[in-house]
Amino acid sequence: MKNNRDIRAILRKMKKMNRSLSINIMMIIAISLFSVFSATHQKTYGFFYRELVWIVIGAVVYLFFSFFNYRNYAKYSKVIYLFNIILLLSVFIFGETRLGAQRWIPLGPINLQPSEFSKLFIVLTFSELLVNKYKNNFRGMKHIFLSGIHIVPIFLLIAKQPDLGTSLVLIFLYCILIFIHGIDWKSIFVIASAGAAFLPVSYFFLLKDYQKQRILTFLNPEADMLGSGWNVIQSMIAVGSGGLFGKGFFQGTQSKLRFLPESHTDFIGAVFLEETGFVGGLVLLGLYLSLIIQISRIGSTTNDSYGKLVCYGVAAIVFFHTVVNIGMIMGVMPVTGLPLLLMSYGGSSFLFTFMMLGIVQSVKIYKD
């Protein structure tokens, strides 16, 4: 009898899920599988098989977080915040260094990237702070300063790794969440002015040499065509050579001839655009736009302030990753290392994304 009740409860929850969101996710994943296979099958089938494993694990994670009541995250937000800090600190103790950055913790056959999950943890904890500490009023430098203290330790730990892309995501998240929660225009002007004044300071005193080089490469990739500008130039060639309808699946040359490094991770979008062209690019952008709209709509239709902020926070992460990654492969954004969520190969990225989207479904299921 108890098992029957549990099954009926699960079925009731599944009926409340946003089916369009799940279909949207599956369509992007299908494109990802085709693109990863196309980019890597001439070298190895390993990446494709591992991505299949991550998708299966991710689907389980997606359902688990969908059926778990999201309001519990607000209840245990302090524990989540502490866990976030401990996880980021552990990178400096157990982490390994790659490409000049210490971001990954080796766990046997897999590598965990805590900074990926920290974005979601910040959404969960900062949303709770705004709802409970600034329920009726958020304005002035005092509130900006006090609320910013919540973000600063996480930001500094991630910047120390260094991980410029995730650091920028945190700043974007902070701005979006306080805007959605409600902030006066004077405070918005103060934040914008402070951000503009901080840009030259951060460039000259905070960025590592290789990060400065990425910005210079973005401004003029031809200055070092065989060095720092190689990735961007090859990506732009791949995108441009796709034309209107592309070269066809498995017919791209930039990744197969190994002109395009990291073709299955950061530059997976370039592989897809080379093979499907401008039309394929419109379809891909349409799928991501639809994903962001559906997440935001779930947030806007809930009466719970915490659930609303969580949904808009998740939408902001997906939006930022999409704009920066697509802009990067087209040469209109500097290279930051941000993956194209649900498309780029990577276990941490897949799990983090499925967790986020599962929590969004949880807001839909438990909004009544």
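Keep in mind that this is a model prediction, so the values were computed, not measured.

Peer 1: Can you walk me through the packing of aromatic side chains in this structure?
Peer 2: For any pair of aromatic rings, the description rests on two quantities: the centre-to-centre distance and the angle between the ring planes. One pass over the structure, following the stated rule, counts 17 aromatic pairs. An angle of 40° between the planes, with centres 6.2 Å apart, marks the rings of Tyr 45 and Tyr 49 as tilted. Of the residues examined, Tyr 45 reaches a relative accessible area of 43% and is grouped as partly exposed. The interplanar angle of 65° and the centroid separation of 6.3 Å between the aromatic rings of Tyr 62 and Phe 354 together place this pair among those described as edge-to-face. Here the residue Tyr 62 occupies a position in helix H3 (residues 46-67), and Phe 354 occupies one in helix H14 (residues 347-365), the gap between them amounting to 292 residues. You can call Phe 354 buried: its relative accessible area is 3%. The structure contains a cluster of three or more aromatic residues connected by ring pairs, namely Phe 37, Tyr 45, Phe 48 and Tyr 49.

Peer 1: For this particular structure, what's the right way to read the nonpolar core?
Peer 2: As a rule of thumb, nonpolar side chains are buried together in soluble globular proteins. In this structure, Ile 25, Phe 126, Tyr 288, Leu 291, Ile 295, Leu 342 and Met 343 are the most contacted members of the largest nonpolar core, which totals 96 residues. Counting residues per element, this core draws most heavily on helix H13 (residues 305-329), which supplies 14 residues. Apart from the residues within four sequence positions on either side, Tyr 288 is in contact with Ile 28, Val 318, Thr 322, Leu 340, Leu 341, Leu 342 and Met 343.

Peer 1: Quick question: what am I supposed to make of a positive patch on the surface here?
Peer 2: On the surface, a cluster of positive charge is made up of Arg 5, Arg 8, Arg 12 and Lys 16. With respect to the secondary-structure elements, Arg 8 resides in helix H1 (residues 2-16). A relative accessible area of 44% places Arg 8 in the partly exposed class.

Peer 1: Just to check I follow, could you spell out the side chain of Arg 103 for this structure?
Peer 2: Tracing the sequence through the fold places Arg 103 in strand E2 (residues 101-107). Nearest to the buried, unbridged Arg 103 among oppositely charged side chains is Asp 163, at 4.3 Å.

Peer 1: Help me out: how do you make sense of the packing of H3 against H14 in this one?
Peer 2: Packed helices, taken two at a time, are described by the angle between their axes plus the distance between the axes. It is at 7 Å that the axes of H3 and H14 come closest, and there the two elements cross at 25°. In terms of orientation, H3 and H14 fall into the roughly parallel class. In this structure, H3 crosses over H14, and the sense of that crossing is right-handed. Every residue of H14 that contacts H3 at Glu 51, Trp 54, Ile 55, Ile 57, Gly 58, Val 61, Tyr 62, Phe 65, Ser 66 and Phe 67 is listed here: Gly 347, Phe 350, Leu 351, Phe 354, Met 355, Leu 357, Gly 358, Ile 359, Gln 361, Ser 362 and Ile 365. Looking at the contact of H3 with H14, its residues break down into 14 nonpolar, six polar and one charged.

Peer 1: It is not clear to me how the pattern of salt bridges should be interpreted in this structure. Could you clarify?
Peer 2: Where charged atoms from two side chains of opposite charge approach closely, those side chains can pair. Following the criterion strictly, the structure yields two salt bridges and no others. For Lys 119, the salt bridge identified is with Glu 116, shortest N-O distance 2.8 Å. Of the two residues, Lys 119 and Glu 116 both sit in helix H6 (residues 114-133), three residues apart, roughly one turn of that helix. Judged by relative accessible area, Lys 119 falls into the buried class, the value being 0%. Assessed through its relative accessible area of 4%, Glu 116 is described here as buried.

Peer 1: Help me out: how do you make sense of the sheet that holds strand E1 (residues 96-98) in this one?
Peer 2: Either a parallel or an antiparallel arrangement is found when strands of a sheet pair, and the pairing is made through backbone hydrogen bonds. Read across the sheet, three strands follow the order E1-E2-E3 without closing on themselves; strand pairing throughout is antiparallel. In the strand order of this sheet, the two ends are held by E1 and strand E3 (110-112), each with one partner. When the angles between neighbouring strand axes are averaged without regard to direction, this sheet yields 50°. Pairing analysis gives three bridges linking E2 to E3, with the strands arranged antiparallel. Residue pairing for E3: Pro 106 is matched across the bridge by Asn 111.

Peer 1: Teacher, can you tell me more about the packing of helix H2 (residues 19-40) against H14 here?
Peer 2: It is at 11 Å that the axes of H2 and H14 come closest, and there the two elements cross at 165°. As the angle between them shows, H2 and H14 are arranged roughly antiparallel. Crossing handedness for the pair H2 and H14: right-handed. Residues Leu 21, Ser 22, Ile 25, Ile 29 and Ser 32 of H2 form the contact with H14, whose own contacting residues are Phe 350, Phe 354, Leu 357, Val 360 and Gln 361. Of the residues that constitute the contact of H2 with H14, the class distribution is seven nonpolar, three polar and no charged.

Peer 1: How should unusual backbone geometry be read in this particular structure?
Peer 2: For residues besides glycine, phi is generally negative; the peptide bonds are generally trans as well. At the junction of Gln 161 and Pro 162, the peptide bond is cis and its omega measures out at -5° in the coordinates. Counting through the fold element by element, Pro 162 comes out in the loop between helix H7 (140-160) and helix H8 (164-181). For Leu 342, which is not glycine, the phi dihedral falls at a positive 75°. Note on placement: Leu 342 falls in the loop between H13 and H14.

Peer 1: I'm lost on H6 in this one. Help?
Peer 2: It helps to recall that an α-helix has 3.6 residues per turn; residues three or four apart then point in one direction. Between its first and last C-alpha, H6 extends 27 Å over 20 residues, near the 28 Å set by a 1.5 Å rise per residue. Among the 20 residues in H6, 18 count as buried, and that is most of the element.

Peer 1: Before we go on, may I ask you to explain the environment of Arg 214 in this structure?
Peer 2: Mapping Arg 214 onto the fold places it in helix H10 (residues 209-219). Spatially, the C-alpha atoms of Arg 214 and Thr 336 are 8.0 Å apart, while their sequence positions differ by 122 residues. For Arg 214, the residues in contact, after removing those within four places along its chain, are Pro 334, Val 335, Thr 336 and Gly 337.

Cut-offs applied
- Residues numbered from 1 in each chain as written.
- Predicted model: local features only at pLDDT ≥ 70, side-chain atom pairs only at ≥ 80, totals over all residues.
- Heavy atoms only, no water.
- Phe/Tyr/Trp six-rings, centres within 6.5 Å; stacked < 30°, edge-to-face > 60°.
- Buried < 20%, exposed > 50% of the residue type's maximum accessible area, 1.4 Å probe, protein only.
- Helix = DSSP H or I, 4+ residues; strand = E, 2+ residues; numbered from the N terminus.
- Core = buried A, V, L, I, M, F, W, Y, C linked by side-chain atoms within 4.5 Å.
- Contact = heavy atoms within 4.5 Å.
- Patch = residues over 30% accessible without salt bridge, like charges linked within 9 Å, V, L, I, M, F, W, Y side chains within 5 Å.
- Areas by Shrake-Rupley, 256 points an atom, 1.4 Å probe, with all protein chains shown as cover.
- Salt bridge = Lys/Arg side-chain N within 4 Å of Asp/Glu carboxyl O.
- Lys, Arg positive; Asp, Glu negative; His and termini not counted.
- Charge placed at Lys NZ, Arg CZ, Asp CG, Glu CD.
- Axes fitted to C-alpha atoms, helices over the stretch in contact; angles between N-to-C directions.
- Parallel < 35°, antiparallel > 145°, perpendicular 65-115°, else oblique.
- Left-handed = near helix turned anticlockwise from the far one by under 90°.
- Nonpolar A, V, L, I, M, F, W, Y, C, P; charged D, E, K, R; others polar.
- Pairing = 2+ DSSP bridges.
- Expected span 1.5 Å × (residues − 1).

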